[in-house]
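What follows is each chain in one-letter form.
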Amino acid sequence: RGARGEQPGGGPPLPHIRGVDPSGSIAAVGAGVADRRIGDRVYVSLFVATDDPAAKSLPGVSGARFLGVDIWGGYAQYVRVPAVNTIRIPTNLSFHQATVIGRRLATAVNQVEGVGRVKPDDWVLVMGASGGLGSAAVQVAKWNGAHVIAAAGTDERVEATPDPDARVQLRR
């Protein structure tokens, strides 16, 4: 197919707007939405639920279209999503901070709980524990009652891990 047709590998038809993790202020609210208001500051989850049998399924996420991948995303002036996909941003966080936390935390929850099925007293090794996703994975594993080994490649990165009781330095 050409540049204007469907992408190779079954992507969305072009033209397409990417952007998987937008945040911003609500500009309009649909009929029947009672718990969101115009002006609310929100982060938007990238998993948009659907009952379409062709939609993707991941551990812990069944029947979802991915914002910015399967459907138009956040690199636009406005994004239309179900209200359930919005998470209010606390006043002490910027849009940027909320986006980083929302994106990394959702992935960490999916990986630790959905894929790893971590339970209390399990042992979890998190490589790259000082990065955004790694530090979120350390915290999610701890919330689930696991014993965590948080690994990083340098002394400085080990010190940057979010749990002082879960620090190990591994080098190649």
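Throughout what follows, the structure given in this document is the object of discussion.

**So, the packing of aromatic side chains**
And then number 1: Applying the stated criterion across every chain yields a total of one aromatic pair.
And then number 2: Their ring planes at 75° and their centres at 5.2 Å tell us that Phe47 and Phe66 sit as a pair that is edge-to-face. Residue Phe47 is located in strand β3 (residues 47-49), and its partner Phe66 is located in strand β5 (residues 61-66); the two are separated by 19 residues in the primary sequence.
And then number 3: By relative accessible area, Phe66 is classed as buried at 13%.

**What about the environment of Asp122?**
And then number 1: Within the fold, Asp122 resides in the loop between α1 (95-115) and β7 (123-127).
And then number 2: Here Asp122 falls in the partly exposed class, since its relative accessible area comes to 23%.
And then number 3: Between the C-alpha atoms of Asp122 and Gly145, which are 23 residues apart in sequence, the distance is 7.6 Å.
And then number 4: What Asp122 contacts, discounting residues up to four positions off in sequence, is Arg117, Ala146 and His147.

**Observations regarding the side chain of His16**
And then number 1: Relative to the helices and strands, His16 is located in the segment before β1 (23-25).
And then number 2: At 3.2 Å, the side chain of His16 forms a polar contact with the backbone oxygen of Gly68.
And then number 3: Engagement of the side chain of His16 in a polar contact is seen with the backbone oxygen of Val69, the distance being 3.5 Å.
And then number 4: Those residues in contact with His16 that sit more than four places away from it in its chain are Gly68, Val69, Asp70, Ile71 and Trp72.

**Some points on the pairing of β7**
And then number 1: Here β7 shows one buried face, formed by Val124 and Val126, and one open face, formed by Trp123, Leu125 and Met127.
And then number 2: Strand direction decides the pairing type here: β7 and strand β8 (residues 147-152), joined by five bridges, are parallel. Each residue of the ladder has a partner; that of Met127, found in β8, is Ala151.
And then number 3: Between the parallel elements β7 and β8, the chain passes through helix α2 (residues 132-143) in a crossover that is right-handed.

**Points about the layout of surface pockets**
The method is simple in principle: a probe with the dimensions of a water molecule rolls over the atoms, and the space it marks as empty is what remains.
And then number 1: Reported here for the largest pocket is a volume of approximately 530 Å³.
And then number 2: If you trace the largest pocket, you find 23 residues lining it, with Ile26, Ala27, Ala28, Val79 and Arg80 closest to the centre.
And then number 3: Of all the secondary-structure elements, those providing two or more residues to the lining of the largest pocket are β1 and β2 (41-44).
And then number 4: Looking at which element gives the most residues to the lining of the largest pocket, the answer is β1, with three residues.
And then number 5: When its residues are assigned to classes, the lining of the largest pocket shows 14 nonpolar, seven polar and two charged.
And then number 6: At five residues, the largest contribution of residues to the lining of the second largest pocket is made by α1.
And then number 7: When the residues that make up the lining of the second largest pocket are grouped by side-chain class, the tally is 15 nonpolar, five polar and one charged.

Cut-offs applied
Residues numbered from 1 in each chain as written. Predicted model: local features only at pLDDT ≥ 70, side-chain atom pairs only at ≥ 80, totals over all residues. Heavy atoms only, no water. Phe/Tyr/Trp six-rings, centres within 6.5 Å; stacked < 30°, edge-to-face > 60°. Helix = DSSP H or I, 4+ residues; strand = E, 2+ residues; numbered from the N terminus. Buried < 20%, exposed > 50% of the residue type's maximum accessible area, 1.4 Å probe, protein only. Contact = heavy atoms within 4.5 Å. Polar contact = N/O pair within 3.5 Å; in protein donor to acceptor, adjacent residues only side chain to side chain. Pairing = 2+ DSSP bridges. Right-handed = clockwise from strand over helix to strand, strands pointing away. 1 Å grid on protein atoms, 1.4 Å probe; cavity = no way out; pocket = protein on both sides within 12 Å on 5 of 7 lines; lining within 4 Å. Points joined across faces, edges and corners; volume = space filled by probe spheres on them. Nonpolar A, V, L, I, M, F, W, Y, C, P; charged D, E, K, R; others polar.

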